[in-house]
Amino acid sequence: MPGVPGVRGVRGVRGVREVARSVESGACGSEEGRRLGGESRGAGGEERRAMASAAEAISVMGVDKTYRGGVHALRGVDLNVHRGEVFGLLGPNGAGKSTLIKVLMTVIRASRCAGQMLGKPVGHKPTLAKVGYLPEHHSFPGYLTGEQVLDFYAAMTGMKRSERKRRITPMLELVNMHEWAGERVRSYSKGMRQRVGIAQALMHDPELVLLDEPTDGVDPVGRRDIRDVVLRLKEEGRAVFLNSHLLSELEMVTDRVAILVQGKVAMQGTIDELTRDKRRYEVEVELPEGVGVADGVGRVEGGALGDAGEPLSGEALGGLLPLALERGELEVSAVEERRSGTPPTAGLPRREGLTGMLDSGERVEVEGHRVRVWTEEAKVVEPVIDALRAQGVTLRSVRPVRPSLEELFMEAVTNLRTGETLKPGAAAADRKGGRKGKRRDEGGPVSGAGADSNAVEGGAA
Amino acid sequence: MTQTWALLVDAYRELNAKKLFWITLALSGLVVAATACIGINERGIELLVWTLDAPVNTTLPGMTEERFYKELFINFGLGIWLTWIATVLGLVSTAAIFPDFVSGGSIEMSLSKPISRTRLFLTKYALGLLFMTLQVTVFTVASFLVLGLRGGVWEFGVFLAIPLVVLFFSYLFSVCALLGLLTRSTIASLLLTILFWFLLFILNAADAGLMQPVLQYEQEIENRRAAMANAEARIERLEAAQVELRERAESADARPSDRQALADNERSLDGTSKFVERAESGIERAEESKATWEPWHEAVVAIKTPLPKTGETIALLERWLIDAASLREMRGDWDESMEEFVTEDGEPVNRSFDPDQRDQQRAIEEEYRSRSVWWVLGTSVAFEVVVLLVATVVFVRRDF
């Protein structure tokens, strides 16, 4: 795939003083935001924030949006996107992802918002000339050709005609649409429109690109192409803000992610940071014949221990933890039934199983025919393996597990109390009045509780 | 500038894609061509090489080829084509501008550009008007040529039709734009705009309908007053004559004819006095009747005042193109004196005091012409500005 024309390196970081001024001048572009921006913060704090945000492509604090009709779509979102990084925003349907992007792009006026984008308060219109945007469910006028789409929207950013002429073809080549340049958009397939949309977002050589579900309706080849484009943009020092629910795709390209649940950032950071305490080793075993089971401790999930649904207990564990105990290598400090207890790792989906603690302090968990040891060190797992082997337990596999983005995501969107996955767009819990279904893409906050908020438990759940 | 130009080019592409623009333009051309085919001669209406023996208007005093074409332009070209057919076609072509503009998936693209919402909205609005301006300009230029080539008069005044029709269209288009923003539906905004237009039409009809009796009674009162004044003058004359006649009749050498003259004079005096009495009571009755109609008419005018004056805006062209004097000349003598109510020797004419149809028409026209241009245009433009202001606020404040 050809490179992006007009390649520019990482843009020079704006002068701290300039950013400080702009942040002070009013933090949010929306009308209310201008008034509210900067409130309740001292000048010193302002400067510190400004200094911190000088390197940020996007830095917003406390973004709040309540739609007319009472849907509280964003509840104080704090978010930072560094310059030159690929940032992924995840969240279930109706979490407020698109609302947040639209607030940044001045399509929606935030109820409250403080922060900056490319060194200027959010909502500062001229700054948008340096931002590329691909809306979700975008529709280009059907009477325009691919070429005209690029030309028109680039002209709307104020780009000169000669410059536009120069860039149209390379941009269409970038997304492999140059052969269709003269065809009308109405004859394009969804994937082709998406490609043209991406080219359109890059036409004016933006410093920051916001792509809302860029791979929506695109075939696997197209997805790979888009991923390549994103990586290319990153190489060129542009910041890319991706909004997607295709987690595996995000995982491949993003440097940092934020998970938005019910209008709040549930977690934010690099995938490495977010998964650090969730990395583990998993030992998969086959139990010898004659291992008995007793009532009352847990339930077999299926596999080598017995039939799913059968009671699982101490004796069943005879093959596992207690055996290791006998050898004095494994000390169980707590064996508990966890049908209603708290999970061993915050946020993991609730499962039936048993936990223990190794001498070295690492947690160990038995679930079905898996033994998990919460460590990144292979050495720590060795005594467990030895104990199991000594008991004649057959090992199927031992492997290090690094949680996927999907696991993080599921953790964020699972109601810890009920163990249920939050239903998309189901909550009318905080709707003040009847809303007439104005927006179709943001179904409103999901029901139940978020990962860090159990506050909204409305009658809707 | 780049952005405005881009929006202009886009608007053109949109219209071009819709084909309606070209269809409307072609229709305009056809209408003008058809007008050019019609002419008049001493025998009647001429259609290309054929002459219809129908001396309709040609018999009217002051009707010339020039006036015929002017009238044709005003009554048909402006009165029917531009104000009704072309305006409806214009609304149909432009009604989709705002609903399409704010439709989901498309509006985000425009709003996320470095251009203010106010500018975006007003530019779109201006482009809608530009469409209509092009249509009217083409039609008017063609009409100007027909007037010149066929009627032999190069009347630059017809170009006033361009701003007037566009202004007239803009009253409706502002409403259409607001409704398009609110309903986001082309059909809904179009139908509601036409409904609004219809309401204006009803109001205009009510205005004219109620104005007629008011003016009729006014004129009747005026006529009766004039006749009464004449009669009173006659009474004075008769009374003076009475003294003289009585002296002569009572003198020694009075002849029978003198006595007869006195008796005649007395009768005349009596009759005229009765006439004055009747006139007085007639005035009273007419004033009462006028008083019952007047408040209704005033109410309608009051309702009309803040609304756009569609009909009157278009009528301004006629007002400017055909001056009052030549209108009088064409539609008969306007200033017949009130003498006709009394014969030359002062005898009151036994005729109705009700003004005839022509007089009524004339009075209504004069009443309309008495409404100032400021009132017609000022209040209408004020209405449009308010509607646009509301629409801009709606557009600027909305979350898309």
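Residues numbered from 1 in each chain as written. Chains lettered and ligands numbered in written order. Predicted model: local features only at pLDDT ≥ 70, side-chain atom pairs only at ≥ 80, totals over all residues. Heavy atoms only, no water.

Comments concerning the overall build of chain A
In terms of helices and strands, chain A carries 13 helices and 17 strands. Residue burial in chain A is summarised as follows: out of 461 residues, 55% are buried. Pairs at least 24 residues apart make up 68% of the contacts formed inside chain A by residues separated by at least 6 positions. Of the roughly 19,000 Å² of accessible surface on chain A, a fraction of 48% belongs to carbon and sulfur atoms. (Helix = DSSP H or I, 4+ residues; strand = E, 2+ residues; numbered from the N terminus. Buried < 20%, exposed > 50% of the residue type's maximum accessible area, 1.4 Å probe, protein only. Contact = heavy atoms within 4.5 Å. Areas by Shrake-Rupley, 256 points an atom, 1.4 Å probe, with all protein chains shown as cover.)

Side note on the interface of chain A and chain B
Contacts between chain A and chain B engage 33 residues on the former and 26 residues on the latter. Carbon and sulfur atoms supply 57% of the area buried between chain A and chain B, which totals about 2,700 Å² over both sides. Taking the shortest distance from any N to any O, the salt bridge between Glu108 of chain B and Lys102 of chain A comes out at 3.5 Å. For the pair chain A and chain B, the number of links is 13 residue pairs in polar contact (both at pLDDT 80 or more). Top element by residues in the side of chain A that touches chain B is helix 5 (residues 146-156) of chain A. It accounts for five residues. (Buried area = accessible area lost by both parts, 1.4 Å probe. Salt bridge = Lys/Arg side-chain N within 4 Å of Asp/Glu carboxyl O. Polar contact = N/O pair within 3.5 Å; in protein donor to acceptor, adjacent residues only side chain to side chain.)

With respect to unusual backbone geometry
Residues and elements named next belong to chain A. Phi is positive for Thr106, which is not a glycine, with a value near 65 degrees. For Thr106, the location among the structural elements is in the loop between helix 4 (97-104) and strand 4 (112-117). We classify Thr106 as buried; its relative accessible area is 12%. With a phi angle near 60 degrees, Asn176 is a residue other than glycine that sits in the positive phi range. Along the chain, Asn176 turns up in the loop between helix 6 (161-174) and helix 7 (190-202). A relative accessible area of 40% places Asn176 in the partly exposed class.

So, the side chain of Arg75 of chain A
Tracing the backbone shows Arg75 of chain A in strand 2 (residues 72-82). Here Gln262 of chain A takes part through its backbone oxygen, which lies 3.2 Å from a polar atom of the side chain of Arg75 of chain A.

Topic: the packing of helix 8 (residues 186-250) of chain B against helix 10 (residues 310-321) of chain B
Residue and element names in this part refer to chain B. Helix 10 packs onto helix 8 with a crossing angle of 70 degrees between their chain directions and a minimal axis gap of 8 Å. With respect to helix 10, the axis of helix 8 lies roughly perpendicular. Here Trp197, Leu200, Asn204 and Asp207 of helix 8 come into contact with helix 10, specifically with Thr310, Gly311 and Glu312. Here the contact of helix 8 with helix 10 is built from residues that sort into two nonpolar, three polar and two charged. (Axes fitted to C-alpha atoms, helices over the stretch in contact; angles between N-to-C directions. Parallel < 35°, antiparallel > 145°, perpendicular 65-115°, else oblique. Nonpolar A, V, L, I, M, F, W, Y, C, P; charged D, E, K, R; others polar.)

Thoughts on a nonpolar patch on the surface
Residues and elements named next belong to chain B. A cluster of nonpolar side chains, contributed by Phe76, Ile80, Trp84, Ile85, Leu192, Leu195, Phe198, Leu199, Phe201 and Ile202, occupies part of the molecular surface with about 900 Å² of accessible area. For the nonpolar patch, the secondary-structure elements that each account for two or more residues are helix 3 (65-94) and helix 8. Per element, the largest residue contribution to the nonpolar patch is six residues, and it comes from helix 8. For Leu195, the position within the fold is in helix 8. (Patch = residues over 30% accessible without salt bridge, like charges linked within 9 Å, V, L, I, M, F, W, Y side chains within 5 Å.)

Observations regarding the pairing of strand 8 (residues 239-243) of chain A
All names here are of chain A. Most of strand 8 is tucked away: five of the five residues are buried. Burial along strand 8 is two-sided: the residues Ala239, Phe241 and Asn243 and Val240 and Leu242 are all buried. Two strands pair when backbone bridges link them, and strand 3 (residues 86-90) and strand 8 are joined in this way by four bridges, in the parallel orientation. Note on strand 8: the bridge partner recorded for Val86 is Val240. Taken together, the five bridges between strand 7 (residues 208-212) and strand 8 define a ladder with parallel strand orientation. Across the sheet, residue Asp212 finds its bridge partner in strand 8, namely Asn243. (Pairing = 2+ DSSP bridges.)

Notes on the sheet that holds strand 1 (residues 56-66) of chain A
Residue and element names in this part refer to chain A. Strand order in the open sheet formed by four strands is 2-1-4-5, with antiparallel pairing between adjacent strands. Of all the strands in the sheet, the pair left with one neighbour each is strand 2 and strand 5 (120-121). Sheet topology note: the strand 1/strand 2 ladder contains eight bridges and is antiparallel. Opposite Val63, over in strand 2, you have Val77 as the bridge partner. Packing against the sheet, helix 4 makes contact with strand 1, strand 2 and strand 4, and its axis sits at approximately 65 degrees to strand 2.

Quick word on helix 4 of chain A
Within helix 4 of chain A, eight of the eight residues are buried, leaving the element largely enclosed by the surrounding structure. Residues of helix 4 of chain A that are buried include every one of Lys97, Ser98, Thr99, Leu100, Ile101, Lys102, Val103 and Leu104 of chain A, and no others.

With respect to the environment of Asp228 of chain A
If you trace the backbone, Asp228 of chain A turns up in helix 8 (residues 220-235). Asp228 of chain A sits 54 residues away from Leu174 of chain A along the chain, and the two C-alpha atoms are 9.9 Å apart.

Considering the packing of helix 6 (residues 117-151) of chain B against helix 13 (residues 373-397) of chain B
Residues and elements named next belong to chain B. At their nearest, the axes of helix 6 and helix 13 sit 9 Å apart, and the two run at 130 degrees to each other. In terms of their interaxial angle, helix 6 and helix 13 are classed as oblique. Like other packed secondary-structure pairs, helix 6 and helix 13 cross with a definite hand, here right-handed. Across the interface between the two elements, Arg117, Thr118, Leu120, Phe121, Leu122 and Tyr125 from helix 6 touch Glu384, Leu388, Ala391, Thr392, Phe395, Val396 and Arg397 from helix 13. Tallied by class, residues from the contact of helix 6 with helix 13 come to eight nonpolar, two polar and three charged. (Left-handed = near helix turned anticlockwise from the far one by under 90°.)

Notes on the packing of aromatic side chains
Note on aromatic pairs: each is described by the distance of the centres and the angle between the planes. Residue and element names in this part refer to chain B. Counted by the stated rule, this structure contains 22 aromatic pairs over all chains. Their ring planes at 15 degrees and their centres at 5.0 Å tell us that Trp84 and Trp197 sit as a pair that is stacked. Remark: Trp197 occurs in helix 8 and Trp84 occurs in helix 3; sequence separation between them is 113 residues. According to the relative accessible area criterion, Trp197 is buried, its value standing at 5%. Relative to Phe156, the ring of Phe144 lies with its centre 5.0 Å away and its plane at 45 degrees, an arrangement referred to as tilted. Here the residue Phe144 occupies a position in helix 6, and Phe156 occupies one in the loop between helix 6 and helix 7 (161-183), the gap between them amounting to 12 residues. Accessibility expressed as a relative area gives 58% for Phe156, which makes it exposed. Members of the aromatic cluster, each reached through a chain of ring pairs, are Phe98, Phe101, Phe121, Tyr125, Phe169, Phe173, Phe395 and Phe400. Above the face of the Trp375 ring, Lys309 is positioned so that its terminal group lies 5.0 Å from the ring centre. (Phe/Tyr/Trp six-rings, centres within 6.5 Å; stacked < 30°, edge-to-face > 60°. Lys NZ or Arg CZ within 6 Å of the ring centre and 35° of its normal.)

Overview of helix 1 (residues 2-18) of chain B
All names here are of chain B. Here helix 1 spans 24 Å end to end across 17 residues, near enough to the 24 Å set by a 1.5 Å rise per residue. Those residues of helix 1 that fall on the buried side of the exposure criterion are Thr2, Gln3, Ala6, Leu7, Asp10, Ala11, Glu14 and Leu15. Among the residues trailing helix 1, Lys19 stands out with phi positive, at a value near 65 degrees. (Expected span 1.5 Å × (residues − 1).)

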